[in-house]
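# Residue-level structural notes
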Amino acid sequence: MYRECLRNHTASLGNYATDECGEFIPDDSTFNCAACNCHRNFHRKVSEERIKSETSSSKKRYKTKFLRSRRRK
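### A word on the overall build of the chain
- Regarding its fold elements, the chain presents one helix and two strands.
- Reading the helices (α) and strands (β) of the chain from amino to carboxyl end gives β-β-α.
- Counting all 73 residues of the chain, 15% fall into the buried class.
- Partitioning the intrachain contacts of the chain with sequence separation of at least 6 by distance along the chain shows that 33% fall at a separation of at least 24.
- Accessible area of the chain: about 7,100 Å², with a carbon and sulfur share of 48%.

Structure follows, in structure tokens:
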């Protein structure tokens, strides 16, 4: 499965700008996206395992460092 388009449309100008195509939509018999007309290789590839983990209900909790001003004395 392919997600958002990562193609830099202003690379020749020295800038970075994408067209914000959200998901690859296959065109008829080509590897181009019907929404943005970019090749499939410009779209971020997501594995099936990652999609399942994104949709799971368990959320990871990360430890954060407390600032000295927030610590209890």
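### Notes on the pattern of salt bridges
- Across all of its chains, the model carries one salt bridge by this definition.
- Arg44 is the partner of Glu4 in a salt bridge, and the nearest nitrogen-oxygen pair spans 2.7 Å. Within this pair, whereas Glu4 is found in strand E1 (residues 2-5), its partner Arg44 is found in strand E2 (residues 43-45), the two being separated by 40 residues in sequence.
- Looking at Glu4, the relative accessible area reads 27%, which means it is partly exposed.

### Remarks on the nonpolar core
- In terms of nonpolar packing, the biggest core is built from seven residues, these being Tyr2, Cys5, Cys21, Phe24, Cys33, Cys36 and Cys38.
- Apart from the residues lying within four places of it in its own chain, the contact partners of Cys38 are Cys5, Arg7, His9, Asp19, Phe31, Asn32, Cys33 and His43.

### Remarks on the state of the cysteines
- Summed over all chains, the structure comprises zero disulfides.
- Take Cys5: it sits in no disulfide, and the sulfur closest to it among the cysteines is that of Cys38, at 3.8 Å.
- Distance from the sulfur of Cys33, which forms no disulfide, to the nearest cysteine sulfur (Cys36) is 3.8 Å.
- A relative accessible area of 1% means that Cys33 is categorised as buried.

Conventions adopted
Residues numbered from 1 in each chain as written. Predicted model: local features only at pLDDT ≥ 70, side-chain atom pairs only at ≥ 80, totals over all residues. Heavy atoms only, no water. Helix = DSSP H or I, 4+ residues; strand = E, 2+ residues; numbered from the N terminus. Buried < 20%, exposed > 50% of the residue type's maximum accessible area, 1.4 Å probe, protein only. Contact = heavy atoms within 4.5 Å. Areas by Shrake-Rupley, 256 points an atom, 1.4 Å probe, with all protein chains shown as cover. Salt bridge = Lys/Arg side-chain N within 4 Å of Asp/Glu carboxyl O. Core = buried A, V, L, I, M, F, W, Y, C linked by side-chain atoms within 4.5 Å. Disulfide = S-S within 2.5 Å.

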